[in-house]
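# Structural overview for review
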Amino acid sequence: MASSGEDLLEANWGGLLDEAAVHTQTLSQLTDEAVQACPSSDESSAHDAVPVCESSESEGPMPTQSWSLKPASPWWAYRLVHLTRQYSREEIRRPVNIISGCAGVSAESFVFKALNIPFNLMSASDPAAHCRAFADENLTNHQATHWFAGIKQQAEGTACLRHPYAERCQGSPVQADVALLGSPCHPFSSQRSTRWTKGSVEGHPEFDISMSQSLKWIKAFLPGVLIYEQVMGFTQPFFEKGSETPLLRFKQLLLSQRDIQPGYWLVTLKLDMKIWLPIARPRLYLVFLNKGKYTKDQAKTFKDIVEDICARQQQLPARTLADTLLAADDALVQQGLQRKSSKELSGLHLQPARAGRWQEDSAKWRAELGVLRTYHPYTQTLDLQKAGLGTVGCKRTLDLLDCVTLAAAKKARTTVKRVEQLLSETLVDVSQSHDRRPLPKLEGPNRCLTTSNADCCAQ
Ligand SMILES: [Zn+2]
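What counts as what
- Residues numbered from 1 in each chain as written.
- Predicted model: local features only at pLDDT ≥ 70, side-chain atom pairs only at ≥ 80, totals over all residues.
- Helix = DSSP H or I, 4+ residues; strand = E, 2+ residues; numbered from the N terminus.
- Buried ≥ 20, exposed ≤ 12 C-beta atoms within 10 Å, placed from the backbone.
- Contact = placed C-beta atoms within 7 Å.
- Pairing = 2+ DSSP bridges.
- Core = buried A, V, L, I, M, F, W, Y, C linked by C-beta atoms within 7 Å.
- pLDDT = per-residue confidence, 0-100.
- Axes fitted to C-alpha atoms, helices over the stretch in contact; angles between N-to-C directions.
- Parallel < 35°, antiparallel > 145°, perpendicular 65-115°, else oblique.
- Left-handed = near helix turned anticlockwise from the far one by under 90°.
- Nonpolar A, V, L, I, M, F, W, Y, C, P; charged D, E, K, R; others polar.
- Right-handed = clockwise from strand over helix to strand, strands pointing away.
- Expected span 1.5 Å × (residues − 1).

With that out of the way, let us pick up the overall build of the chain. When helices and strands are tallied, the chain shows 15 helices and ten strands. Residues counted as buried form 33% of the 459 residues belonging to the chain. For the chain, long-range pairs separated by at least 24 residues make up 68% of all intrachain contacts whose partners lie at least 6 apart in sequence.

Turning next to unusual backbone geometry. For S106, which is not a glycine, the phi torsion comes out positive at approximately 55°. Structurally, the position occupied by S106 is in the loop between strand 2 (96-101) and helix 3 (107-114).

A word on the pairing of strand 2. Counted residue by residue, strand 2 has six buried out of six residues, so it is predominantly covered. Here strand 2 shows two buried faces, one formed by V96, I98 and S100 and the other by N97, I99 and G101. Sheet analysis places strand 2 next to strand 3 (residues 119-125), joined by six bridges and oriented parallel. The residue bridging N97 from the neighbouring strand is N120, located in strand 3. Where strand 2 and strand 5 (residues 178-181) come together, four bridges link them in parallel fashion.

Let's shift gears to the nonpolar core. Ranked by internal contacts, the top residues of the largest apolar core, which has 57 residues, are I98, A179 and L289. The residues contacting I98, other than those within four sequence positions of it, are E108, S109, F119, L121, M122, A176, D177, V178 and A179. If you look at the next biggest cluster of nonpolar residues, it comprises twelve residues, including W365, Y378, L401 and V404.

Here we take up the confidence of the model for the chain. On average, residues of the chain carry a pLDDT of 77, and 76% of them reach 70 or more. Within the model, the stretch residues 1-64 combines pLDDT values under 50 with 148 contacts to residues more than four positions away or in other chains. Segment residues 344-353 is flagged for pLDDT under 50; beyond a separation of four residues in sequence, or across chains, it makes 20 contacts in the model.

It is at 10 Å that the axes of helix 13 (residues 357-369) and helix 14 (residues 395-411) come closest, and there the two elements cross at 20°. Relative to helix 14, the element helix 13 is oriented roughly parallel. Once helix 13 is placed against helix 14, the crossing between them reads as left-handed. Every residue of helix 14 that contacts helix 13 at W358, S362, W365, R366 and L369 is listed here: R396, D399, C403, L406, A407 and K410. Partitioning the contact of helix 13 with helix 14 into residue classes produces six nonpolar, one polar and four charged.

On to the pairing of strand 3. Along any regular strand, the residues point their side chains to alternate faces of the sheet. Most of strand 3 is tucked away: six of the seven residues are buried. For the segment spanning strand 2, helix 3 and strand 3, crossover handedness is right-handed. Pairing geometry for strand 3 and strand 4 (residues 146-148), over three bridges, is parallel. Residue pairing in the sheet places S123 in a bridge with H146 of strand 4. On the question of chirality, the crossover connecting strand 3 to the parallel strand 4 by way of helix 4 (residues 129-138) is right-handed.

In this model helix 14 runs 24 Å from its N-terminal to its C-terminal C-alpha over 17 residues, within 8% of the 24 Å that 1.5 Å per residue would give. Among the 17 residues that make up helix 14, twelve are buried, leaving the element largely enclosed by the rest of the structure. Residues of helix 14 that are buried include every one of R396, T397, L398, D399, L400, L401, D402, C403, V404, T405, L406 and A409, and no others. Positive phi appears at R413, one or two residues downstream of helix 14, with a value of about 50°.

Turning our attention to the environment of R93. Relative to the helices and strands, R93 resides in the loop between helix 2 (75-83) and strand 2. Taking the C-beta count within 10 Å as the criterion, R93 has 12 such neighbours and is therefore assigned exposed. Through-space distance from the C-alpha of R93 to that of P118 is 9.5 Å; in sequence the pair is 25 residues apart.

Here the focus is the environment of Q432. Secondary-structure assignment places Q432 in the loop between helix 15 (416-422) and strand 10 (455-456). Sequence separation between Q432 and T397 is 35 residues; the distance between their C-alpha atoms is 9.5 Å.

A word on the environment of P127. One can find P127 in the loop between strand 3 and helix 4. Given 14 C-beta atoms within 10 Å, P127 falls into the partly exposed group. The sequence separation of P127 and G150 amounts to 23 residues, and the corresponding C-alpha distance is 5.5 Å. Once residues lying within four places of it in the same chain are set aside, the contact partners of P127 are A149 and G150.

Structural data, given as structure tokens:
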């Protein structure tokens, strides 16, 4: 029997291993989420060749298998292999079966692909057509067998978007080895202006998805490993000066499910992407390890390894955005902008912004800058087609670009015309609101640049 709810709730949330009374049903024979590793000691030179095991340099047990990255693997995959070189790994006996629940273009699939770990994406869900299209386009040979519009449909196993005429589509015909669930963060995000008002979190239309719908999803699949990702606002009280947090509520909800056997070990991790790329993106990861498959010691080892990787990555320099983004004049970027401007995609990527909100934020910003709402010195001469903004452009995006340019001109005490040069290394995250002043830099720390798929737009 797993620990009582009280034990769980009194546990230290600073990242210690907790024991959760979440249970699972019959367990099938699963391969551990093992990956074969053998690092190259020089990750920069490893891009040219498949790494070969080194026999002399080792801080611990020697890897039992070599980990063969593909030459086109991204830089972080080589870094990860490098940072885990002292850990032994088990042989992969068969593809890892995974399911993806609104996890941002099935992000975990891209990790498996980058690490060259064979996997089978049994099903995935995402309400955004653009996200689904992106995942399909980039996951050649690994596309989701079933695509659902949301975690509710995925858990219920209704006909999916690929097979609309099917009677049913099974999201997980065999037990998933790994499942990633990214429920909506909006109710909990501290970026939301009314986040701390009493009733605001629970009253948010997406609150139920993160709580009861997530629970139903977990119970429907009972995977070997479940990773639940949320913003840090999930760990903060429901309202100002309150004591209960959404995290505590969620765990109580899980603990009350007595019909789930034999339970999960819970590892709580607080990670921040900024140690890899200079973008502050602190996130909470609740990693549930099925007790039928993993021992408490294994769960503890997993946590130790993740923390060790993070600690050692912190000693290494983070990549700059300039290292990881294509140059503005790169042929691929130009091609992409042209496609984005085309009619083919114009209907896909536009979705309405909250009416009136951006205009209010813009007016506030412009008042600070001392300029009229109708002043658009930058975009009035911009080649919209070339900039990937279609033939008409999106009023919110265009206004944001003007505000950014005007603010930079004011700061540098120069004209809009002259400031364009200064802004050549500035990125404008057009998915973000005016209010957030979304200005990531190619160098140095950043607080935004999101994974958003859409230019929220109101014509
Ligand atoms: Zn289907």
